[in-house]
Amino acid sequence: GVDGSASAPALTGTDANTGINFGADVIDLSTGGSSRFKVGAAGQLGVAGANYGTSGQALLSQGASAAPQWGNVSSSSPSENYAFANMSTTSFNNSGYQIHGIAGNSGSNGVTVDTTNERLTPTVAGIYYVVYNVVWSHSGFSGFTAYNGIYKNGGQQARTTIAIYDSDGTKTNTVFARVTVDGSSDYIDFRSYHNKSAQNASCTNLSRAFMFKLKDN
């Protein structure tokens, strides 16, 4: 048989310098007199001659007017946007929802934990999952309902209640919300109250709030 060459392939159509030529355990596809694609003895693929790349590389398109090239595929992990807030011990009465103070930031990225204004302000837009876990403490009275809520820009997004019948001790209540924020002015705060007249109960510093981004808007 005839092996041919890149400029004079063994198998051609009407174009004399475009076709298939052969070597030792190699099949070579040529166009315009140049080797474009080789298949070697082990099935390895060569681009623009005997360029087989290295382990882990992939063929990367160079567009409609250029041959592909072997290259490394870049990858990156998506950033995580979240905040974990330690709440302060805050006393509440039956005068309506009041803001539960934030004592500190126990970890955040892309969300500002504001201990002055007692709020969480995401700096990345998206849909977030928000959790407010509250530990109530009271002494000397019973028979009341405690209310806890998650608020966005002053508007309630979700709330839960818990009926408390013990005369003292602690109780835990948890609120969940799915909230869309704009990544600039939107903020989240946490509010509580109870309905027992002339009595104070506290949401303690064992309370926690956290939020994390689920997805883009």
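Residues numbered from 1 in each chain as written. Predicted model: local features only at pLDDT ≥ 70, side-chain atom pairs only at ≥ 80, totals over all residues. Heavy atoms only, no water.

Asks: Go over the overall build of the chain, please, and point to the residues and values.
Replies: Across its full length, the chain holds 0 helices and 20 strands. Relative to its length of 217 residues, the chain is extended, with a C-alpha radius of gyration of 33 Å against a globular reference of 17 Å. Taken over the C-alpha atoms alone, the chain extends approximately 105 × 30 × 25 Å along its principal axes. Taken across its 217 residues, the chain has 33% of its residues classed as buried. (Helix = DSSP H or I, 4+ residues; strand = E, 2+ residues; numbered from the N terminus. Rg over C-alpha atoms; globule rule 2.2 N^0.38 Å. Buried < 20%, exposed > 50% of the residue type's maximum accessible area, 1.4 Å probe, protein only.)

Asks: Got a sec to walk through the sheet that holds strand β1 (residues 11–12)? Specific residues and values, please.
Replies: Across the sheet, 5 strands lie side by side as β1-β2-β3-β4-β5; this open sheet has antiparallel pairing. Edge positions in the sheet fall to β1 and β5 (45–47), since each has one partner strand and no second. In this sheet, strand β2 (residues 19–23) lies alongside β1 in antiparallel orientation, the contact comprising 2 bridges. Its bridge partner lying in β2, Thr12 is registered against Gly19. (Pairing = 2+ DSSP bridges.)

Asks: Break down the side chain of Asn21 for me, citing the residues and quoting the values.
Replies: Mapped onto the fold, Asn21 is located in strand β2. Residue Asn21 is classed as buried on the basis of its relative accessible area of 6%. Setting aside its immediate chain neighbours within four residues, Asn21 contacts Asp3, Gly4, Ser5, Ala6, Pro9, Ala10, Val26, Ile27, Asp28 and Ser30. (Contact = heavy atoms within 4.5 Å.)

Asks: Please provide a residue-by-residue account of unusual backbone geometry, values included.
Replies: Within the chain, Asp25 stands out as a residue other than glycine whose phi angle is a positive 60°. As for its placement among the helices and strands, Asp25 is situated in the loop between β2 and β3 (26–31). A relative accessible area of 60% means that Asp25 is categorised as exposed. For Ala198, which is not glycine, the phi torsion reads 60° and is therefore positive. The topology assignment puts Ala198 in the loop between β18 (188–194) and β19 (201–203). With relative accessibility at 72%, the residue Ala198 sits in the exposed group.

Asks: Now, about the packing of aromatic side chains: what can you tell me, with residues and values included?
Replies: Using the criterion set out here, one finds 11 aromatic pairs in the structure. Taking the centre distance of 6.2 Å and the plane angle of 20° together, the rings of Tyr129 and Phe176 count as stacked. Residue Tyr129 is located in strand β14 (residues 126–139), and its partner Phe176 is located in strand β17 (residues 168–181); the two are separated by 47 residues in the primary sequence. Residue class for Tyr129 comes out partly exposed when judged on its relative accessible area of 28%. For Phe176, a relative accessible area of 47% translates into the label partly exposed. A ring pair is formed by Tyr147 and Tyr193, whose centres lie 4.6 Å apart and whose planes are at 10°; its orientation type is stacked. (Phe/Tyr/Trp six-rings, centres within 6.5 Å; stacked < 30°, edge-to-face > 60°.)

Asks: Before we move on, could you go through the side chain of Ser35 and cite the residues and values that matter?
Replies: Looking at where Ser35 falls in the secondary structure, it is placed in strand β4 (residues 34–39). Engagement of the side chain of Ser35 in a polar contact is seen with the side chain of Asp28, the distance being 2.7 Å. Leave out the neighbours within four places in its chain, and Ser35 touches Ala6, Asp28, Leu29, Ser30, Ala48 and Gly49. (Polar contact = N/O pair within 3.5 Å; in protein donor to acceptor, adjacent residues only side chain to side chain.)

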